[in-house]
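Report on the structure
Next come the chains, spelled out residue by residue.
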Amino acid sequence: MKTIITSVIFALGITAAHAQFPGGGPGGPGGMQGGDGNGRNRNTNTQQPTLNLESTAPKGNSKITGFVIDSAATKAIEFANIALYSKATGKPIDGTMADEKGKFTLKSIAAGDYKLMISFIGFKDKTIDNIKLTKGQELDLGVVKMSPDIRTLDEVVVTGEKSLIEEKVDRLVYNAEKDLSARGGDASDVLKKVPMLSVDLDGNVSLRGSQNIRVLINNKPSTIVASSIADALKMIPADLIKSVEVITSPSAKYDAEGSAGIINIITKKSTLQGLTLSADAGVGARGSNLSLNGNYRQGKLGITLGGFGRMFYNKAATTLDQTTLQNGVSLLTKQATSAYDNGLFGRYNIGFDYELAKNQSLTAGISFGTRNMIRTQDMTSNLFKNNALSSTTYRDVTTKDLSNNVDMNLDYIRTFKVPGREWSISTQYSRNNLTNNFNADLLSESNSLLSRQKNLNANLNQEATLQTDYQTPIKKNQMLEFGAKTIIRQVNSDYSYQVAGATGAFAADARNPVGSLNYNQNIVAGYLSYTYSTANKYTFKAGSRYEYTTIDAKDQIGKISIPSYGVLVPSINVSKSIKAGTTLKAAYNRRIQRPGLQQLNPNYNAANPFNISIGNPNLKPEMTNNFELSLSTSIKKTYLNASVFTRSTNNSITRLSAPSDTLAGAIITTFQNIGKQQVMGANVFANVYLTPKWTLNGGVDLYYNYLEGKVQGFDGTSISASNSGWVIGGRIMSSLALNKGWAMQLHGGMRGNQVTLQGTQGSFYMYSFGIKKDLPNKKGSFGLATENFLGGMKMKSTSISPVLNQTMVNNIYNQNIKLTFSYKIGKMTFVAPKKTKGVKNDDVKEGGDNN
């Protein structure tokens, strides 16, 4: 049989699986599979071939399972086609498709004699003859190896292979393994290229224009992410990222947090027996990195060990022009700052998994991360009163942003004889110690020291989580899921200001007294989710989650009164397969966004005395309603997805700026629950195979953003304000595979001005080019990549109200060129992967704008 050419489709349900083969067989129209144990579907965007199955074939209670692997690369062949033929009639009686781990299962087979045929593009067909099944037998074929068919590779249409971008029912998957130009970088370099995501020049991530997202690493949260998403991404090497999942319509199984959705970063794992070691290194003009990783698996035990370190260095220049009205006096501040950044990031991990029994397993892991970010700034500030120069100050500032965090998890999962039925218990402890200090020297015009100032701020963010989940199929077309979870979270901040003269010791600053925050948050949650798949290719998934939160908070003055609250968050997803390769989906969900550490921290950060920031421990959560409608289709060699969405948020946590009451020319920025936001927009992206070796993909994001809230008026009282506008963004990427292991890739992306309540955040763009050469037998590779090689860029932001007018221009010098190298040693063989489970805390808002 000739190689079967597959085409792209959007699968039929969030937990429901696709039909096996049109016309019959277990899991046919109305059939379904379970998840993969991580809250993810095994549904893919690859359609199975159409076979004329023998409709009168008898059914039984026997089963056939196995794993399909590439004999050359010793890795799973995802979505290989499996067909079972009767020896007596020679006709196909059943079929299925291997999942992303190469596993396949044929159920409800009658006793008899059969042959099995396995096919996939680029591989020689594999036939297993003389299969004899007895009644009730469960036949495990083990590992089935397929050989590459080099002669046919140039003749087939490769839309069936795993593409750079995949669209699944509840998420988009970006397969970062195919990204060449991100090598030697960190996770933010990968996320820049993911459809629907935008990463600004500081590493802040937005999903459809909102930074109210939750980032998971291998389905697990971390306190380092809760403290700062941008900093957490710098700790994850791009070379170790397998894929990035963007979940815009989370089901009830996920935590209710993350108004815009969830980003799940999946790192590479090994399911091979034996020992392997790998090294990845990169040296560049703006950063260098080194990672070492090892995997050992023997029998029931698997161990992984890894370490990653990255040095980062860059420079920037900022100009600030701001006018404030204070006590009837017009004050103009003009400030010029040059900055130099030096960072050292590291992350180290060790993980274990052990098979207790055939249907039970334990997984455990410990990871340690460290961050050492130092910024030195030279500030020159001129203050004008009624257009006359009043004062000039010179200030040298050193800011230290340090942290170390540890994550520990222990998870248990049990499967049952009924396919898709499983029960798990997951635990996690996460702790992050942060230090945010600055030292400032006030200088004269002749550069002599006049006085000194420093701010000491030690923070602790820790949480413990316990959860249990159970899922079971009902008949062949339904799935029931339910579970419970509790999170115990603690946030502490201790801060103080000290001053000193040109000589002498530091002493407490009476204008800024010592302060503290002790913030304890406990969350108890439960959920129920039900999936139903119909014979006419509709899939419905409905669920609801209830979360009850209690907060005990106090500062140096006394108790902060924050009432407990409960919230019910429903979700519903409906999908319809219109025809082969085309699927329509509609979704609604309600989400909650709790404030994060940076928004709560009451430390008075005056590293720049004219642009001061302070958190608000009295913040309450914000609530968001999301609606989405999408269509995906395949047209010959092109996969196309288009979606429209709307997002409405009440009680929005909004960043507000206002003139200081006591400091001339200064602006103070804090957060308040006074906002309302409505967003309507559309996303379009496509993946095109120009030739079997040349792909082009890209997308456009367009949305209209309306915000309203309160700002300070002329008399110091709050007045109503609103702002609105269109925001556009996009990205394009092209990859070309050349002969003899060479490959190249070109990428570009941009985002227009972002609308805020008081103004705009500046637009930006970026581009990169990379080339790579694989070593013989794919033992390693070397490459060259460059970013923004034509020069730096400017990013202009504005903030306007009746009493202030601020314009800030950042000049970013982000040209980069880097050399990359990777190599691996060891000999391994394929084994069936074990199911794993993990904690997913999707619930804290990272500091940043409300957008």
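Just so it is clear, the structure is predicted and the values come from calculations on it, not from any experiment.

1. What to know about the sheet that holds strand β7 (residues 126-133)
- What the four strands build is an open sheet, ordered β4-β3-β6-β7; its pairing is antiparallel. The two strands at the open ends of the sheet, each matched to only one other strand, are β4 (92-97) and β7. Between one strand axis and the next, the sheet turns by 20° as a mean value, whatever way the strands run.
- Both strand β6 (residues 112-119) and β7 contribute to a ladder of six bridges, which runs antiparallel. Directly across from D113, in β7, lies its bridge partner K132.

2. Observations concerning the pairing of strand β33 (residues 638-659)
- Across 13 bridges, strand β32 (residues 622-635) lies against β33 in antiparallel orientation. Among the inter-strand pairings, S634 is bridged to a residue of β33, identified as Y639.
- The antiparallel hairpin formed by β32 and β33 contains two residues in its connecting segment, where K636 sits at a positive phi of about 55°.

3. Brief notes about the confidence of the model for the protein
- On average, residues of the protein carry a pLDDT of 81, and 83% of them reach 70 or more.
- Long-range and interchain partners of residues 1-52, a stretch whose pLDDT sits below 50, account for 201 contacts in this model, where long-range means more than four residues apart.
- Long-range and interchain partners of residues 150-162, a stretch whose pLDDT sits below 50, account for 32 contacts in this model, where long-range means more than four residues apart.

4. Structural notes on the nonpolar core
- With 28 residues, the main nonpolar core has L191, V205, I213, I241, V244, I263 and I265 as its most contacted residues.
- Counting residues per element, the ones that place at least two in this core are β10 (172-174), α1 (187-191), β11 (197-199), β12 (205-207), β13 (213-217), α3 (229-234), β14 (241-247) and β15 (261-267).
- Those residues in contact with I241 that lie beyond four places of it in its chain are A176, E177, A187, V190, I236, I265, I266, T267 and K268.
- Grouped together as the second largest cluster of nonpolar side chains are 23 residues, I64, I93, F104 and I109 included.

5. Considering the environment of P692
- With respect to the element layout, P692 can be found in the loop between β34 (667-691) and β35 (694-712).
- A residue is classified by how much of its surface remains accessible, and P692, at 33% relative accessible area, is partly exposed.
- Residues P692 and L736 lie 44 residues apart in sequence; the distance between their C-alpha atoms is 9.3 Å.

6. Digging into the pattern of salt bridges
- Going through the model one piece at a time under the given rule, you end up with 17 salt bridges.
- Linking K559 and D552 is a salt bridge whose minimum nitrogen-to-oxygen distance equals 3.1 Å.
- Residue K559 is classed as exposed on the basis of its relative accessible area of 63%.
- Residue K772 is joined to D774 by a salt bridge in which the shortest nitrogen-to-oxygen separation is 3.2 Å.
- Exposure remark for K772: the relative accessible area of 11% places this residue in the buried category.

7. Some details on the packing of aromatic side chains
- Scanning the model with the defined rule gives eleven aromatic pairs in all.
- Taking the centre distance of 5.9 Å and the plane angle of 70° together, the rings of F438 and Y497 count as edge-to-face. Linking F438 in strand β22 (residues 422-443) with Y497 in strand β24 (residues 478-501), this pair joins segments that are 59 residues apart in sequence.
- A residue is classified by how much of its surface remains accessible, and F438, at 2% relative accessible area, is buried.
- Look at W742 and F782: their rings are 6.0 Å apart centre to centre, the planes differ by 90°, and that puts the pair in the edge-to-face class. One end of the pair, W742, is in strand β37 (residues 742-751); the other, F782, is in strand β41 (residues 780-787), with 40 residues separating them in the sequence.
- A relative accessible area of 33% means that W742 is categorised as partly exposed.
- Of the aromatic side chains, those joined through ring pairs into one cluster are F416, Y470 and F482.
- The ring of Y85 carries K115 above its face, with NZ or CZ at 5.7 Å from the centroid.
- Over the face of the ring belonging to F506 we find K454, whose NZ or CZ atom lies 4.4 Å from the ring centre.

The rules we used
- Counting of residues starts from 1 at the beginning of each chain's written sequence and follows it residue by residue.
- Totals for whole chains, interfaces and linings use every residue, but because this is a predicted model, local features are given only for residues with pLDDT of at least 70 and side-chain atom pairs only at 80 or more, for both listing and counting.
- Here the side-chain values reflect all heavy atoms present in the structure, with hydrogen atoms and water set aside.
- DSSP bridges decide pairing: two strands pair if at least two such bridges lie between them.
- Helix and strand assignments come from DSSP, with helices taken as H or I runs of at least 4 residues and strands as E runs of at least 2, each series counted from the N terminus.
- The angle between two axes is taken between their N-to-C directions and runs from 0 to 180 degrees, where each axis is a line fitted to C-alpha atoms and a helix contributes only its stretch in contact.
- A score from 0 to 100, pLDDT tells how confident the predictor is in each residue.
- Whether two residues are in contact is decided by their heavy atoms, any of which lying within 4.5 Å being enough.
- Buried Ala, Val, Leu, Ile, Met, Phe, Trp, Tyr and Cys residues form a nonpolar core when they are joined through side-chain atoms within 4.5 Å.
- When a residue's accessible area, from a 1.4 Å probe over protein chains only, is under 20% of the maximum for its type it is buried; when over 50% it is exposed; and in between it is partly exposed.
- By definition here, a salt bridge exists when the distance from a side-chain nitrogen of Lys or Arg to a carboxyl oxygen of Asp or Glu is within 4 Å.
- Each Phe, Tyr or Trp ring (for Trp, its six-membered ring) is paired with any other whose centre lies within 6.5 Å, and the angle between the two planes then decides the class: stacked below 30 degrees, edge-to-face above 60, tilted in between.
- Here, a charge over a ring means that NZ of Lys or CZ of Arg falls within 6 Å of the ring centre while also lying within 35 degrees of the ring normal.

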